[in-house]
Each structure stands twice: as structure tokens, then as C-alpha cells.
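Given next are the chains, with one letter for each unit.
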Amino acid sequence: MNLMETIHLHKNDFSKTERKVYDYIVQNPTAIETATITKIAELCQVSTSGILRFCQVLGYKGYKDFRFDMLHYLHQEHVEVNSENLFDELTSKYLSVIRQFNNIDQNKLNQLIKQIKNTKNIYIIGVHYSSLPAKHLVLGLQDLGINTYFAYEDDLLIYFSIEGNQNNVSRFFDLTNASKNTYIITLNPKPKLLIENTLILPGYTLSKQSIVDLQSIVVIFVELLLNMFHNTLKED
């Protein structure tokens, strides 16, 4: 029995509050990828205690353990789709990921925008497929009058990586002791490269099911970032 089947099995065991959590998670299981317990509680319109009780009914000590198993379930899930409906199925999955953008850490996002605005030199890097959103951000900032240069000690470094590791970029930079001016933008909710300023985007499960890295989601994020940054210029 997989996790989702277990959740359905306990449907009648949930209280009225826990039933709100059940309804939301059944309809939006991939939201667990990026949402903290506080965010899930907000989305379900319950308290964090309600989330904890929901997890405990399922046999977990807390949300962290439940989230771990849910991520495993999502990453192992392989649904056979009729080829005639494949386009609709894929479109639905992409839209589901985009709806999770409100789970992105807004504080870190606003902090990044502020540093883009106030830092003299900005260096943006992405390797292989991840170079697509990196180049997109470079061109977008250049259109707004922001140039990019080679990164020095006090420069702002923005690194795109779907998996959130240093394998591809290690020949250029050592990010294991990254400064406060370094940001990593990734889809992996548990990146191997641990950096304080990490922005986790939704879509990791879908990326694992795709034959290519899911750069479209990152490009959409870049376009949102550029629009938010441009809005701060209008405020001056």
C-alpha cells in the first residue's frame, strides 16, 4: 500500500480540522515538495497543530517524517497515460507546478531583488540545461541596464542548478564556503549543496518524470523575478 492509499484509508478517522488537511493534500500532493508546515497550515486554513495531528493519525511523529515519505511517494510515482491524452496530462502537471509558486520563500526572493539592485557587479552562472535560465536572466537584466562581470569577492553570484549540487560548476567555482552574496536557485527540496541563500522552486517531481531538466519552470521564475525587480526601479 502506497502513502496516498494509506491517507485514503484513514479518511474517516480524521477530525473536521484534519479533514481540511486531507482534502488539500489529496488534491495538491506536490505542494508538499516546497511547503513548510507553516505554509501547509496556511493553505489548509488550519493551525500547525492541526497539521501535526493529521500526520499523527497516519502514524508519523510529525510533519517532517510525513513529508519525507510523501516526497518518496511522489518521486516513485509513474502513471501510465494514454498517448491521446498525453498533451492534456502534461499541461495539467505543468500548471499544477506553476500554482505552487506562492510557496517560494518570499523573504529570500525580496532579499535577492534588493541585492541585485544594490550590488555593483553581478555574476550569473548555469551549466548545460541550467544555462538557459541563467542566460535569460543575464539578458533581462542587461535590458534593464544591469551589466554582468567576472565575480570577485564582493560580487553577487547567482547559480542555477536543478539538482542543487556543485558537480558541473566545481571546475569554475568552489561553492562549499559560499558567501552571503551567493544564491542558488534549484528545484531540489534537499539540495546537496548547502547554501544559506537557497531559493527552492516547485517542480522537482515533474522534472524527475521528464526526459529533460525542467527549465521552463525556472525560466518562468526568472521572468517573474525580472518583473518584480523592474517594479522596484519604478518606485525610485
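The structure contained in this document is the topic of the report that follows. (Residues numbered from 1 in each chain as written. Predicted model: local features only at pLDDT ≥ 70, side-chain atom pairs only at ≥ 80, totals over all residues. Heavy atoms only, no water.)

## Some words on the pairing of strand β1 (residues 122-126)
β1 sits mainly inside the fold: 4 of its 5 residues count as buried. Pairing geometry for β1 and strand β2 (residues 156-160), over 5 bridges, is parallel. Each residue of the ladder has a partner; that of G126, found in β2, is F160. (Buried < 20%, exposed > 50% of the residue type's maximum accessible area, 1.4 Å probe, protein only. Helix = DSSP H or I, 4+ residues; strand = E, 2+ residues; numbered from the N terminus. Pairing = 2+ DSSP bridges.)

## Re the sheet that holds strand β4 (residues 198-200)
Whether parallel or antiparallel, the strands of a sheet pair through hydrogen bonds between backbone atoms. If you walk across this open sheet you meet the 4 strands as β1-β2-β3-β4, and the pairing is parallel. Taken across any chain shown, the strands that pair with only one partner, and hence form the sheet edges, are β1 and β4. Each strand of the sheet is rotated relative to its neighbour by a mean of 15°, with strand direction disregarded. Against the sheet, helix α8 (residues 131-143) contacts β1 and β2, and its axis sits at roughly 155° relative to β1. (Axes fitted to C-alpha atoms, helices over the stretch in contact; angles between N-to-C directions. Contact = heavy atoms within 4.5 Å.)

## Overview of the packing of aromatic side chains
One pass over the structure, following the stated rule, counts 5 aromatic pairs. On the numbers, 5.8 Å between centres and 40° between planes, the contact of F14 with Y22 is tilted. What makes F14 buried here is its relative accessible area of 9%. Of the aromatic side chains, those joined through ring pairs into one cluster are F14, Y22, F54, Y60, Y63 and F66. (Phe/Tyr/Trp six-rings, centres within 6.5 Å; stacked < 30°, edge-to-face > 60°.)

None of the figures reported here should be taken as evidence of function without further support.
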